[in-house]
Amino acid sequence: MDAVEQKILEEVAGIHEIPTGAYNIRSNGKSIGRNSSANIDIIPKGDGSGIEVHIKPGTRNESVHIPVILSQTGLNETVYNDFFIGQDSDVTIVAGCGIHNCGNQDSEHDGIHTFHIGKNARVKYIEKHYGEGDGNGARILNPVTDVHIEEGGTMEMDTVQIKGVDSTKRVTKAVLADNASVTVREKLMTHGNQYAETEFSVDMDGENSSANIISRSVAKDASKQVFKSVINGNNKCAGHSECDAIIMDEASVSAIPEITANHLDASLIHEAAIGKIAGDQLIKLMTLGLSEKEAEEQIVNGFLK
Amino acid sequence: MLELKNISFDVQDENDHESKGILKNVSLTIEDQKFIVITGPNGGGKSTMAKIIAGIEKPTSGQILLDGKDITDLDITERAKEGISFAFQQPVRFKGITVRDLINIASGEKLSTGQACKYLSEVGLCARDYIDREVNASLSGGELKRIEIATVLARGTKISVFDEPEAGIDLWSFHNLIKVFEKLHDQTNGSIVIISHQERILNIADKIVVIADGEVVQTGKKDEILPELLSGTGSCKYYGEEE
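What comes next is a walk through the structure. Only a predicted model underlies this, so the values are computations on that prediction, with no experimental measurement involved.

A few points about the interface of chain A and chain B
A common measure of how large an interface is: the accessible area buried when the components associate. Across the boundary between the two partners, chain A contributes 17 residues, which contact 20 residues of chain B. The set of elements that each furnish at least two residues to the side of chain A that touches chain B consists of helix H2 (279-287) and helix H3 (292-303) of chain A. Per-element accounting of the side of chain A that touches chain B gives the leading share, seven residues, to H2 of chain A.

Structure, rendered in C-alpha coordinates:
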(Lines give C-alpha, C1' and ligand atoms only; values in the text may rest on other atoms or scores of the structure.)
Protein backbone atom coordinates (compact mmCIF):
# COMPACT_ATOMS: atom_id res chain seq x y z
CA MET A 1 0.00 0.00 0.00
CA ASP A 2 1.29 3.47 -0.77
CA ALA A 3 0.80 6.61 1.32
CA VAL A 4 -2.36 7.72 -0.53
CA GLU A 5 -3.97 4.33 -0.03
CA GLN A 6 -2.99 4.26 3.63
CA LYS A 7 -4.49 7.68 4.25
CA ILE A 8 -7.75 6.72 2.60
CA LEU A 9 -7.85 3.50 4.55
CA GLU A 10 -7.54 5.46 7.75
CA GLU A 11 -10.28 7.89 6.70
CA VAL A 12 -12.85 5.28 5.76
CA ALA A 13 -12.07 2.43 8.12
CA GLY A 14 -10.16 4.08 10.94
CA ILE A 15 -7.35 1.57 10.51
CA HIS A 16 -3.68 2.25 10.03
CA GLU A 17 -2.57 -1.03 8.62
CA ILE A 18 -3.86 -4.55 8.19
CA PRO A 19 -6.76 -5.02 10.60
CA THR A 20 -7.16 -7.96 12.94
CA GLY A 21 -9.95 -10.42 12.34
CA ALA A 22 -11.69 -10.93 9.04
CA TYR A 23 -11.12 -8.39 6.31
CA ASN A 24 -11.07 -7.73 2.62
CA ILE A 25 -9.30 -4.68 1.26
CA ARG A 26 -10.17 -3.75 -2.28
CA SER A 27 -7.98 -1.27 -4.07
CA ASN A 28 -8.51 -0.09 -7.64
CA GLY A 29 -10.72 -2.97 -8.58
CA LYS A 30 -8.70 -5.79 -6.99
CA SER A 31 -8.53 -7.40 -3.59
CA ILE A 32 -5.14 -6.57 -2.09
CA GLY A 33 -5.64 -8.43 1.14
CA ARG A 34 -8.13 -10.90 2.52
CA ASN A 35 -8.43 -12.86 5.71
CA SER A 36 -11.12 -15.13 7.02
CA SER A 37 -11.37 -16.06 10.67
CA ALA A 38 -12.60 -19.21 12.41
CA ASN A 39 -16.17 -17.90 12.43
CA ILE A 40 -16.19 -15.53 9.49
CA ASP A 41 -15.61 -16.67 5.93
CA ILE A 42 -14.95 -14.21 3.15
CA ILE A 43 -15.39 -15.85 -0.24
CA PRO A 44 -14.89 -14.06 -3.55
CA LYS A 45 -17.70 -14.55 -6.01
CA GLY A 46 -16.80 -16.70 -8.97
CA ASP A 47 -17.44 -13.97 -11.53
CA GLY A 48 -15.29 -11.43 -9.66
CA SER A 49 -18.24 -9.15 -9.02
CA GLY A 50 -17.75 -8.99 -5.24
CA ILE A 51 -17.54 -11.08 -2.10
CA GLU A 52 -19.73 -13.16 0.15
CA VAL A 53 -19.28 -12.87 3.87
CA HIS A 54 -20.59 -15.77 5.92
CA ILE A 55 -20.79 -15.35 9.65
CA LYS A 56 -21.44 -18.51 11.67
CA PRO A 57 -24.39 -18.61 14.07
CA GLY A 58 -23.46 -17.52 17.58
CA THR A 59 -20.38 -15.53 16.53
CA ARG A 60 -19.91 -12.79 19.10
CA ASN A 61 -17.79 -9.70 19.43
CA GLU A 62 -16.04 -10.13 16.11
CA SER A 63 -15.57 -7.64 13.35
CA VAL A 64 -15.28 -7.58 9.58
CA HIS A 65 -13.52 -4.78 7.71
CA ILE A 66 -14.16 -4.36 4.00
CA PRO A 67 -12.75 -1.00 2.93
CA VAL A 68 -12.55 0.06 -0.70
CA ILE A 69 -9.92 2.42 -2.11
CA LEU A 70 -10.00 4.10 -5.49
CA SER A 71 -6.91 6.06 -6.39
CA GLN A 72 -6.88 5.62 -10.18
CA THR A 73 -8.67 8.28 -12.12
CA GLY A 74 -11.35 7.06 -14.50
CA LEU A 75 -12.07 3.83 -12.66
CA ASN A 76 -15.73 2.94 -12.62
CA GLU A 77 -16.93 -0.14 -10.80
CA THR A 78 -19.99 -1.79 -9.35
CA VAL A 79 -19.44 -4.36 -6.63
CA TYR A 80 -21.96 -6.76 -5.15
CA ASN A 81 -21.21 -7.87 -1.61
CA ASP A 82 -23.52 -10.24 0.25
CA PHE A 83 -23.51 -10.77 3.99
CA PHE A 84 -25.03 -13.79 5.67
CA ILE A 85 -25.18 -13.29 9.41
CA GLY A 86 -25.98 -16.40 11.40
CA GLN A 87 -28.57 -16.39 14.14
CA ASP A 88 -27.69 -15.17 17.65
CA SER A 89 -24.47 -13.59 16.47
CA ASP A 90 -23.32 -10.11 17.45
CA VAL A 91 -20.85 -8.55 15.04
CA THR A 92 -19.52 -5.25 13.74
CA ILE A 93 -19.04 -4.69 10.04
CA VAL A 94 -16.97 -1.75 8.87
CA ALA A 95 -17.32 -0.83 5.23
CA GLY A 96 -16.47 2.39 3.51
CA CYS A 97 -15.05 3.79 0.36
CA GLY A 98 -12.51 6.46 -0.26
CA ILE A 99 -11.73 7.98 -3.63
CA HIS A 100 -8.55 9.88 -4.38
CA ASN A 101 -8.96 11.41 -7.79
CA CYS A 102 -6.19 13.64 -9.11
CA GLY A 103 -7.06 13.07 -12.74
CA ASN A 104 -9.56 14.48 -15.16
CA GLN A 105 -11.79 11.47 -15.52
CA ASP A 106 -14.60 10.58 -13.16
CA SER A 107 -14.04 7.85 -10.60
CA GLU A 108 -17.04 5.94 -9.42
CA HIS A 109 -17.65 3.11 -6.97
CA ASP A 110 -21.10 1.68 -6.52
CA GLY A 111 -21.23 -0.82 -3.68
CA ILE A 112 -24.37 -2.94 -3.54
CA HIS A 113 -24.51 -4.56 -0.11
CA THR A 114 -27.13 -7.12 0.79
CA PHE A 115 -27.53 -8.22 4.38
CA HIS A 116 -29.34 -11.34 5.51
CA ILE A 117 -29.53 -11.04 9.26
CA GLY A 118 -30.54 -14.23 11.04
CA LYS A 119 -32.84 -14.69 14.03
CA ASN A 120 -31.87 -12.65 17.09
CA ALA A 121 -28.61 -11.57 15.47
CA ARG A 122 -27.22 -8.10 16.05
CA VAL A 123 -25.22 -6.23 13.47
CA LYS A 124 -23.50 -2.89 13.84
CA TYR A 125 -22.71 -1.61 10.37
CA ILE A 126 -20.43 1.37 9.96
CA GLU A 127 -20.05 2.94 6.56
CA LYS A 128 -17.89 5.95 5.76
CA HIS A 129 -17.51 7.72 2.47
CA TYR A 130 -14.69 10.02 1.69
CA GLY A 131 -13.25 11.78 -1.33
CA GLU A 132 -10.13 13.77 -2.00
CA GLY A 133 -7.77 14.78 -4.79
CA ASP A 134 -7.56 17.98 -6.76
CA GLY A 135 -8.23 16.71 -10.26
CA ASN A 136 -11.22 17.82 -12.32
CA GLY A 137 -12.61 14.31 -12.43
CA ALA A 138 -15.65 13.82 -10.23
CA ARG A 139 -15.70 11.46 -7.24
CA ILE A 140 -18.91 9.51 -7.35
CA LEU A 141 -20.31 6.98 -4.86
CA ASN A 142 -23.69 5.33 -5.18
CA PRO A 143 -24.05 2.75 -2.43
CA VAL A 144 -27.08 0.52 -2.06
CA THR A 145 -27.74 -1.24 1.24
CA ASP A 146 -30.41 -3.90 1.14
CA VAL A 147 -31.25 -5.36 4.52
CA HIS A 148 -33.42 -8.35 5.42
CA ILE A 149 -33.82 -8.90 9.12
CA GLU A 150 -35.35 -12.07 10.51
CA GLU A 151 -37.28 -12.44 13.74
CA GLY A 152 -35.71 -10.57 16.66
CA GLY A 153 -32.73 -9.41 14.62
CA THR A 154 -31.25 -5.93 14.89
CA MET A 155 -29.23 -3.72 12.63
CA GLU A 156 -27.64 -0.48 13.68
CA MET A 157 -26.19 1.44 10.78
CA ASP A 158 -23.97 4.48 11.04
CA THR A 159 -23.34 6.15 7.74
CA VAL A 160 -21.05 9.12 7.42
CA GLN A 161 -20.04 11.24 4.49
CA ILE A 162 -18.19 14.40 5.34
CA LYS A 163 -16.98 16.35 2.33
CA GLY A 164 -15.13 15.26 -0.75
CA VAL A 165 -17.74 13.23 -2.60
CA ASP A 166 -19.06 15.12 -5.63
CA SER A 167 -22.12 13.11 -6.33
CA THR A 168 -23.84 10.44 -4.37
CA LYS A 169 -27.11 8.63 -4.34
CA ARG A 170 -27.45 6.43 -1.31
CA VAL A 171 -30.25 3.93 -1.19
CA THR A 172 -31.01 1.94 1.93
CA LYS A 173 -33.82 -0.59 2.04
CA ALA A 174 -34.87 -2.72 4.97
CA VAL A 175 -37.50 -5.42 5.46
CA LEU A 176 -38.27 -6.38 9.03
CA ALA A 177 -39.81 -9.57 10.45
CA ASP A 178 -41.41 -9.94 13.90
CA ASN A 179 -39.55 -8.10 16.68
CA ALA A 180 -36.84 -7.00 14.27
CA SER A 181 -35.47 -3.50 14.45
CA VAL A 182 -33.34 -1.18 12.38
CA THR A 183 -31.67 2.07 13.41
CA VAL A 184 -29.92 4.27 10.89
CA ARG A 185 -27.88 7.32 11.79
CA GLU A 186 -26.78 9.35 8.83
CA LYS A 187 -24.32 12.23 8.97
CA LEU A 188 -23.68 14.20 5.89
CA MET A 189 -21.85 17.32 4.89
CA THR A 190 -21.67 18.65 1.36
CA HIS A 191 -19.84 21.66 -0.01
CA GLY A 192 -18.90 23.24 -3.34
CA ASN A 193 -21.27 22.06 -6.04
CA GLN A 194 -21.80 18.61 -4.58
CA TYR A 195 -25.02 16.71 -4.83
CA ALA A 196 -26.18 14.13 -2.32
CA GLU A 197 -29.36 12.15 -2.41
CA THR A 198 -30.46 9.82 0.34
CA GLU A 199 -33.30 7.38 0.01
CA PHE A 200 -34.49 5.21 2.85
CA SER A 201 -37.25 2.73 2.56
CA VAL A 202 -38.35 0.46 5.34
CA ASP A 203 -41.07 -2.19 5.33
CA MET A 204 -42.08 -3.16 8.81
CA ASP A 205 -43.80 -6.43 8.01
CA GLY A 206 -43.38 -8.11 11.38
CA GLU A 207 -45.28 -7.64 14.60
CA ASN A 208 -43.49 -5.36 17.08
CA SER A 209 -40.88 -4.42 14.54
CA SER A 210 -39.37 -0.96 14.74
CA ALA A 211 -37.40 1.49 12.63
CA ASN A 212 -35.60 4.64 13.65
CA ILE A 213 -33.95 6.76 10.97
CA ILE A 214 -32.05 9.85 11.96
CA SER A 215 -30.36 12.08 9.44
CA ARG A 216 -28.30 15.12 10.29
CA SER A 217 -26.77 17.10 7.53
CA VAL A 218 -25.02 20.33 6.71
CA ALA A 219 -25.12 21.78 3.20
CA LYS A 220 -22.55 24.47 2.46
CA ASP A 221 -21.72 26.63 -0.57
CA ALA A 222 -23.89 25.77 -3.59
CA SER A 223 -24.35 22.10 -2.70
CA LYS A 224 -27.68 20.31 -2.91
CA GLN A 225 -29.14 17.55 -0.79
CA VAL A 226 -32.31 15.55 -1.12
CA PHE A 227 -33.56 13.35 1.71
CA LYS A 228 -36.31 10.87 0.98
CA SER A 229 -37.65 8.40 3.46
CA VAL A 230 -40.45 5.94 3.02
CA ILE A 231 -41.66 4.00 6.03
CA ASN A 232 -44.41 1.45 5.69
CA GLY A 233 -46.05 0.04 8.79
CA ASN A 234 -47.61 -3.22 7.70
CA ASN A 235 -48.15 -4.68 11.15
CA LYS A 236 -48.15 -3.60 14.77
CA CYS A 237 -44.94 -1.60 14.71
CA ALA A 238 -43.24 1.68 15.54
CA GLY A 239 -41.46 3.86 12.99
CA HIS A 240 -39.70 7.17 13.38
CA SER A 241 -37.73 9.23 10.91
CA GLU A 242 -36.04 12.52 11.48
CA CYS A 243 -34.27 14.83 9.08
CA ASP A 244 -32.44 17.74 10.58
CA ALA A 245 -30.45 19.97 8.26
CA ILE A 246 -28.44 23.15 8.45
CA ILE A 247 -28.17 25.16 5.26
CA MET A 248 -25.44 27.72 4.66
CA ASP A 249 -24.48 30.04 1.82
CA GLU A 250 -26.46 29.20 -1.35
CA ALA A 251 -27.10 25.56 -0.50
CA SER A 252 -30.41 23.78 -0.84
CA VAL A 253 -31.93 20.87 1.04
CA SER A 254 -35.18 19.02 0.39
CA ALA A 255 -36.77 16.59 2.80
CA ILE A 256 -39.43 14.32 1.37
CA PRO A 257 -40.94 12.08 4.00
CA GLU A 258 -43.52 9.44 3.36
CA ILE A 259 -45.07 7.38 6.12
CA THR A 260 -47.78 4.87 5.44
CA ALA A 261 -49.72 2.94 8.05
CA ASN A 262 -51.32 -0.21 6.66
CA HIS A 263 -52.22 -1.56 10.08
CA LEU A 264 -54.29 -0.10 12.89
CA ASP A 265 -51.48 -0.56 15.41
CA ALA A 266 -48.75 0.96 13.28
CA SER A 267 -47.41 4.08 14.93
CA LEU A 268 -45.36 6.31 12.65
CA ILE A 269 -43.70 9.67 13.14
CA HIS A 270 -41.71 11.90 10.85
CA GLU A 271 -39.90 15.04 11.88
CA ALA A 272 -38.05 17.40 9.58
CA ALA A 273 -36.33 20.69 10.23
CA ILE A 274 -34.23 22.67 7.79
CA GLY A 275 -32.78 26.06 8.51
CA LYS A 276 -29.73 28.18 8.88
CA ILE A 277 -27.72 28.29 12.10
CA ALA A 278 -29.81 30.04 14.73
CA GLY A 279 -28.62 33.58 15.42
CA ASP A 280 -28.83 33.18 19.18
CA GLN A 281 -26.54 30.13 19.03
CA LEU A 282 -23.90 32.25 17.29
CA ILE A 283 -24.39 35.09 19.76
CA LYS A 284 -24.08 32.79 22.76
CA LEU A 285 -20.76 31.36 21.56
CA MET A 286 -19.51 34.84 20.65
CA THR A 287 -20.24 36.03 24.20
CA LEU A 288 -17.90 33.21 25.27
CA GLY A 289 -15.14 34.76 23.15
CA LEU A 290 -15.40 32.93 19.81
CA SER A 291 -15.41 34.81 16.52
CA GLU A 292 -18.47 34.37 14.32
CA LYS A 293 -16.57 31.93 12.10
CA GLU A 294 -15.29 29.89 15.05
CA ALA A 295 -18.80 29.81 16.50
CA GLU A 296 -20.14 28.52 13.19
CA GLU A 297 -17.52 25.75 13.13
CA GLN A 298 -18.34 24.69 16.68
CA ILE A 299 -22.04 24.52 15.90
CA VAL A 300 -21.51 22.49 12.71
CA ASN A 301 -18.99 20.14 14.34
CA GLY A 302 -21.28 19.58 17.30
CA PHE A 303 -24.25 18.99 15.03
CA LEU A 304 -22.39 16.32 13.04
CA LYS A 305 -20.62 14.77 16.01
CA MET B 1 -14.95 49.80 36.14
CA LEU B 2 -17.66 49.91 33.51
CA GLU B 3 -19.20 53.23 32.63
CA LEU B 4 -22.27 53.79 30.51
CA LYS B 5 -22.43 57.39 29.41
CA ASN B 6 -25.61 58.95 28.02
CA ILE B 7 -26.78 55.73 26.39
CA SER B 8 -29.85 55.98 24.21
CA PHE B 9 -31.42 53.16 22.25
CA ASP B 10 -34.23 53.79 19.78
CA VAL B 11 -36.34 51.36 17.82
CA GLN B 12 -38.78 51.95 15.01
CA ASP B 13 -42.35 51.16 15.88
CA GLU B 14 -43.65 48.51 13.49
CA ASN B 15 -47.07 50.12 13.15
CA ASP B 16 -46.55 53.84 12.80
CA HIS B 17 -42.78 53.77 12.02
CA GLU B 18 -42.30 56.32 14.78
CA SER B 19 -39.01 56.16 16.59
CA LYS B 20 -39.42 54.95 20.14
CA GLY B 21 -36.85 55.38 22.90
CA ILE B 22 -36.17 52.16 24.80
CA LEU B 23 -33.31 53.77 26.71
CA LYS B 24 -33.16 57.51 27.13
CA ASN B 25 -29.84 59.08 27.96
CA VAL B 26 -28.94 56.52 30.61
CA SER B 27 -25.70 56.91 32.55
CA LEU B 28 -24.52 54.30 34.99
CA THR B 29 -21.26 53.31 36.65
CA ILE B 30 -20.46 49.76 37.67
CA GLU B 31 -17.65 49.88 40.16
CA ASP B 32 -15.08 47.11 40.55
CA GLN B 33 -15.98 44.16 42.74
CA LYS B 34 -19.51 45.39 43.27
CA PHE B 35 -22.69 43.36 43.16
CA ILE B 36 -25.25 45.47 41.35
CA VAL B 37 -28.87 44.56 40.78
CA ILE B 38 -30.88 46.34 38.13
CA THR B 39 -34.61 46.17 38.66
CA GLY B 40 -37.77 47.88 37.50
CA PRO B 41 -40.98 47.13 35.62
CA ASN B 42 -41.10 44.95 32.52
CA GLY B 43 -40.56 46.86 29.32
CA GLY B 44 -38.49 49.45 31.17
CA GLY B 45 -35.29 48.77 29.22
CA LYS B 46 -33.32 46.53 31.61
CA SER B 47 -32.62 43.67 29.20
CA THR B 48 -31.74 46.13 26.45
CA MET B 49 -29.18 47.68 28.73
CA ALA B 50 -27.65 44.27 29.48
CA LYS B 51 -27.46 43.52 25.76
CA ILE B 52 -25.82 46.87 25.11
CA ILE B 53 -23.17 46.04 27.72
CA ALA B 54 -22.48 42.68 26.04
CA GLY B 55 -22.42 44.23 22.55
CA ILE B 56 -25.48 42.31 21.34
CA GLU B 57 -27.25 45.61 20.72
CA LYS B 58 -25.56 48.80 19.55
CA PRO B 59 -26.70 51.99 21.26
CA THR B 60 -28.15 54.74 19.07
CA SER B 61 -25.97 57.22 20.92
CA GLY B 62 -23.73 57.32 23.96
CA GLN B 63 -20.47 55.76 25.04
CA ILE B 64 -19.35 52.68 26.95
CA LEU B 65 -16.02 52.68 28.76
CA LEU B 66 -14.35 49.66 30.34
CA ASP B 67 -11.53 50.69 32.68
CA GLY B 68 -11.37 53.96 30.77
CA LYS B 69 -11.17 52.31 27.33
CA ASP B 70 -13.91 53.14 24.83
CA ILE B 71 -15.54 49.82 23.87
CA THR B 72 -18.65 51.30 22.22
CA ASP B 73 -17.67 50.07 18.76
CA LEU B 74 -16.37 46.65 19.80
CA ASP B 75 -18.42 43.67 18.69
CA ILE B 76 -19.63 40.79 20.92
CA THR B 77 -16.46 38.71 20.53
CA GLU B 78 -14.16 41.64 21.19
CA ARG B 79 -16.06 42.62 24.30
CA ALA B 80 -15.98 39.02 25.53
CA LYS B 81 -12.22 39.10 25.12
CA GLU B 82 -12.03 42.41 26.97
CA GLY B 83 -13.66 40.70 29.95
CA ILE B 84 -17.42 40.93 29.69
CA SER B 85 -19.63 37.86 30.20
CA PHE B 86 -23.33 37.60 29.66
CA ALA B 87 -25.83 35.00 30.88
CA PHE B 88 -28.93 34.88 28.72
CA GLN B 89 -32.40 35.21 30.14
CA GLN B 90 -33.41 32.32 27.91
CA PRO B 91 -30.37 30.07 27.54
CA VAL B 92 -29.69 28.85 24.04
CA ARG B 93 -30.05 25.18 23.17
CA PHE B 94 -27.67 23.38 20.83
CA LYS B 95 -27.72 20.06 19.05
CA GLY B 96 -24.60 18.03 19.67
CA ILE B 97 -22.70 20.56 21.76
CA THR B 98 -22.19 19.17 25.25
CA VAL B 99 -21.99 20.89 28.60
CA ARG B 100 -18.28 20.05 28.61
CA ASP B 101 -17.82 21.72 25.20
CA LEU B 102 -19.50 24.92 26.43
CA ILE B 103 -17.44 25.06 29.60
CA ASN B 104 -14.23 24.47 27.62
CA ILE B 105 -15.12 27.23 25.17
CA ALA B 106 -16.01 29.54 28.06
CA SER B 107 -12.77 28.93 29.92
CA GLY B 108 -10.76 29.25 26.71
CA GLU B 109 -8.88 26.00 27.27
CA LYS B 110 -9.44 22.28 27.41
CA LEU B 111 -10.18 21.59 31.04
CA SER B 112 -9.76 18.27 32.79
CA THR B 113 -13.02 16.59 33.79
CA GLY B 114 -12.34 17.55 37.41
CA GLN B 115 -11.84 21.21 36.57
CA ALA B 116 -14.92 21.37 34.36
CA CYS B 117 -17.03 19.60 36.96
CA LYS B 118 -16.04 22.13 39.58
CA TYR B 119 -18.09 24.81 37.82
CA LEU B 120 -21.12 22.56 37.60
CA SER B 121 -20.88 21.68 41.27
CA GLU B 122 -20.77 25.38 42.06
CA VAL B 123 -24.18 25.87 40.49
CA GLY B 124 -25.56 22.87 42.34
CA LEU B 125 -25.55 20.32 39.55
CA CYS B 126 -24.23 16.84 40.12
CA ALA B 127 -21.38 17.25 37.66
CA ARG B 128 -20.94 13.63 36.61
CA ASP B 129 -24.56 13.45 35.44
CA TYR B 130 -24.30 16.55 33.30
CA ILE B 131 -20.80 17.00 31.96
CA ASP B 132 -21.31 14.91 28.80
CA ARG B 133 -24.94 15.75 28.18
CA GLU B 134 -25.92 17.73 25.14
CA VAL B 135 -27.14 21.26 25.79
CA ASN B 136 -30.41 20.45 24.05
CA ALA B 137 -34.12 20.24 24.68
CA SER B 138 -33.67 17.26 27.02
CA LEU B 139 -32.52 19.65 29.75
CA SER B 140 -35.11 21.45 31.84
CA GLY B 141 -35.29 25.24 32.07
CA GLY B 142 -33.74 25.20 35.54
CA GLU B 143 -30.89 22.93 34.45
CA LEU B 144 -30.17 25.12 31.44
CA LYS B 145 -30.16 28.24 33.59
CA ARG B 146 -27.61 26.74 35.95
CA ILE B 147 -25.41 25.56 33.07
CA GLU B 148 -25.65 29.07 31.64
CA ILE B 149 -24.42 30.46 34.94
CA ALA B 150 -21.63 27.84 35.05
CA THR B 151 -20.34 29.05 31.67
CA VAL B 152 -20.11 32.58 33.05
CA LEU B 153 -18.29 31.29 36.15
CA ALA B 154 -15.88 29.37 33.93
CA ARG B 155 -15.00 32.59 32.13
CA GLY B 156 -14.18 34.38 35.38
CA THR B 157 -14.17 37.82 33.74
CA LYS B 158 -14.09 41.35 35.14
CA ILE B 159 -17.76 41.96 34.42
CA SER B 160 -20.50 39.30 34.57
CA VAL B 161 -24.00 40.24 33.50
CA PHE B 162 -26.95 37.96 34.32
CA ASP B 163 -30.26 38.74 32.65
CA GLU B 164 -33.08 37.61 34.93
CA PRO B 165 -31.42 34.43 36.18
CA GLU B 166 -34.58 33.55 38.09
CA ALA B 167 -36.92 33.71 35.07
CA GLY B 168 -38.50 30.38 34.25
CA ILE B 169 -37.07 28.65 37.29
CA ASP B 170 -39.21 26.63 39.65
CA LEU B 171 -39.27 27.34 43.34
CA TRP B 172 -36.97 24.46 44.19
CA SER B 173 -34.29 25.51 41.70
CA PHE B 174 -34.75 29.12 42.72
CA HIS B 175 -33.76 28.31 46.26
CA ASN B 176 -30.50 26.82 44.98
CA LEU B 177 -29.96 29.70 42.61
CA ILE B 178 -30.05 32.22 45.42
CA LYS B 179 -27.34 30.25 47.18
CA VAL B 180 -25.21 30.36 44.03
CA PHE B 181 -25.45 34.15 43.89
CA GLU B 182 -24.87 34.53 47.60
CA LYS B 183 -21.68 32.53 47.20
CA LEU B 184 -20.73 34.48 44.11
CA HIS B 185 -21.23 37.70 46.04
CA ASP B 186 -18.91 36.50 48.80
CA GLN B 187 -16.19 35.13 46.59
CA THR B 188 -16.08 37.10 43.40
CA ASN B 189 -13.25 39.33 42.32
CA GLY B 190 -15.11 40.89 39.40
CA SER B 191 -18.21 43.04 39.19
CA ILE B 192 -21.57 41.36 38.93
CA VAL B 193 -24.62 42.88 37.30
CA ILE B 194 -27.89 41.05 37.75
CA ILE B 195 -31.18 42.01 36.26
CA SER B 196 -33.80 40.75 38.62
CA HIS B 197 -37.25 41.22 40.08
CA GLN B 198 -36.54 39.04 43.07
CA GLU B 199 -36.46 40.48 46.55
CA ARG B 200 -34.00 37.82 47.68
CA ILE B 201 -31.56 38.79 44.94
CA LEU B 202 -32.12 42.51 45.57
CA ASN B 203 -31.37 41.73 49.18
CA ILE B 204 -27.76 40.73 48.48
CA ALA B 205 -26.98 43.72 46.26
CA ASP B 206 -24.37 46.33 47.09
CA LYS B 207 -26.19 48.76 44.86
CA ILE B 208 -29.67 48.75 43.35
CA VAL B 209 -30.51 50.56 40.14
CA VAL B 210 -34.15 51.07 39.23
CA ILE B 211 -34.89 51.52 35.55
CA ALA B 212 -38.36 52.46 34.36
CA ASP B 213 -39.53 53.76 31.04
CA GLY B 214 -36.00 53.83 29.66
CA GLU B 215 -34.54 55.95 32.43
CA VAL B 216 -32.65 55.39 35.66
CA VAL B 217 -35.17 56.54 38.22
CA GLN B 218 -33.28 55.57 41.35
CA THR B 219 -29.79 54.44 42.30
CA GLY B 220 -28.51 53.73 45.74
CA LYS B 221 -27.54 51.28 48.40
CA LYS B 222 -29.82 48.41 49.15
CA ASP B 223 -30.84 49.89 52.51
CA GLU B 224 -31.97 53.08 50.87
CA ILE B 225 -33.80 51.66 47.88
CA LEU B 226 -35.25 48.35 49.00
CA PRO B 227 -37.66 49.56 51.73
CA GLU B 228 -39.09 52.11 49.36
CA LEU B 229 -39.49 49.59 46.55
CA LEU B 230 -41.24 47.12 48.81
CA SER B 231 -43.57 49.66 50.35
CA GLY B 232 -44.29 51.32 47.03
CA THR B 233 -47.25 50.72 44.80
CA GLY B 234 -47.87 47.00 44.79
CA SER B 235 -44.63 45.12 44.85
CA CYS B 236 -41.28 45.02 43.16
CA LYS B 237 -41.89 41.49 42.06
CA TYR B 238 -42.90 41.90 38.47
CA TYR B 239 -43.11 38.25 37.59
CA GLY B 240 -43.87 38.15 33.96
CA GLU B 241 -42.79 37.74 30.44
CA GLU B 242 -39.49 39.01 29.23
CA GLU B 243 -39.32 42.51 27.94
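There's more to say after this.
Quick look at the nonpolar core
Residues and elements named next belong to chain B. Membership of the largest hydrophobic core comes to 89 residues, with the highest contact counts inside it found for Ile-36, Ala-150 and Val-161. It is helix H6 (residues 141-155) that contributes the most residues to this core, seven residues altogether. When neighbours within four sequence positions are excluded, Val-161 is seen to be in contact with Ala-50, Ile-53, Ala-54, Ser-85, Phe-86, Ala-87 and Val-193.

Some thoughts on the pairing of strand S17 (residues 224-233) of chain A
All names here are of chain A. By the bridge criterion, ten bridges tie strand S15 (residues 195-204) to S17 in an arrangement that is parallel. Residue pairing for S17: Ser-201 is matched across the bridge by Val-230. One ladder, built from ten bridges, connects S17 with strand S19 (residues 252-261); its direction is parallel. Looking across to S19, one finds that Gln-225 is bridged to Val-253.

Some words on the sheet that holds strand S9 (residues 207-212) of chain B
Residue and element names in this part refer to chain B. Taken in spatial order, the six strands make up an open sheet running S6-S7-S8-S3-S9-S10, and their pairing is mixed. Of all the strands in the sheet, the pair left with one neighbour each is strand S6 (84-87) and strand S10 (215-221). Sheet twist, expressed as the mean angle between neighbouring strand axes with direction ignored, is 15 degrees. Sheet analysis places S9 next to S10, joined by six bridges and oriented antiparallel. Residue pairing across strands places Val-210 opposite Gln-218, the latter belonging to S10. Sheet strands in contact with helix H9 (residues 222-231) are S9 and S10, and its direction is about 120 degrees off that of S10.

Some points on the sheet that holds strand S16 (residues 209-219) of chain A
Residue and element names in this part refer to chain A. With mixed pairing, ten strands are arranged side by side in an open sheet as S2-S1-S5-S7-S9-S12-S14-S16-S18-S20. One side of each edge strand has no neighbouring strand; the edge strands of this open sheet are strand S2 (30-35) and strand S20 (266-275). Within this sheet the neighbouring strands show an average axis-to-axis angle of 5 degrees, counted without direction. Across ten bridges, strand S5 (residues 60-70) lies against strand S7 (residues 90-100) in parallel orientation.

Focus on unusual backbone geometry
Positive phi, close to 55 degrees, is recorded for Asn-61 of chain A, a residue that is not glycine. Examined against the element boundaries, Asn-61 of chain A turns out to sit in strand S5. Notably, Glu-164 of chain B is not glycine yet its phi reads approximately 40 degrees, a positive angle. Secondary-structure assignment places Glu-164 of chain B in the loop between strand S7 (159-163) and helix H7 (171-187).

Some words on H3 of chain A
With twelve residues, H3 of chain A extends 16 Å between its outermost C-alpha atoms, agreeing within 8% with the 16 Å of an ideal straight helix rising 1.5 Å per residue. Buried within H3 of chain A are the following residues: Ala-295, Gln-298, Ile-299 and Phe-303 of chain A. Buried residues in H3 of chain A, looked at end-on, bunch into an arc of 125 degrees, giving them a common side. Looking at the buried residues of H3 of chain A, the elements they touch are S16, strand S18 (237-247) and H2 of chain A together with helix H3 (99-107) of chain B.

Thoughts on the packing of helix H4 (residues 113-122) of chain B against H6 of chain B
All names here are of chain B. Closest axis-to-axis distance for the H4/H6 pair is 9 Å, and the angle between their directions is 125 degrees. Comparing their axes, H6 and H4 come out oblique. The element H4 and its partner H6 pack so that their crossing is right-handed. Residues Tyr-119, Leu-120 and Glu-122 of H4 lie in contact with H6, whose contacting residues are Ala-150, Leu-153 and Ala-154. Residue classes in the contact of H4 with H6 are distributed as five nonpolar, no polar and one charged.

A short note on the environment of Tyr-125 of chain A
All names here are of chain A. Within the element layout of this structure, Tyr-125 appears in strand S9 (residues 122-132). With 30 residues separating them along the chain, Tyr-125 and Met-155 place their C-alpha atoms 7.2 Å apart. If we skip the residues at most four places from it in the chain, Tyr-125 touches Ile-93, Met-155, Glu-156 and Met-157.

Rules and cut-offs
- Residues numbered from 1 in each chain as written.
- Chains lettered and ligands numbered in written order.
- Predicted model: local features only at pLDDT ≥ 70, side-chain atom pairs only at ≥ 80, totals over all residues.
- Contact = placed C-beta atoms within 7 Å.
- Helix = DSSP H or I, 4+ residues; strand = E, 2+ residues; numbered from the N terminus.
- Core = buried A, V, L, I, M, F, W, Y, C linked by C-beta atoms within 7 Å.
- Buried ≥ 20, exposed ≤ 12 C-beta atoms within 10 Å, placed from the backbone.
- Pairing = 2+ DSSP bridges.
- Axes fitted to C-alpha atoms, helices over the stretch in contact; angles between N-to-C directions.
- Expected span 1.5 Å × (residues − 1).
- Arc of directions from axis to C-beta.
- Parallel < 35°, antiparallel > 145°, perpendicular 65-115°, else oblique.
- Left-handed = near helix turned anticlockwise from the far one by under 90°.
- Nonpolar A, V, L, I, M, F, W, Y, C, P; charged D, E, K, R; others polar.

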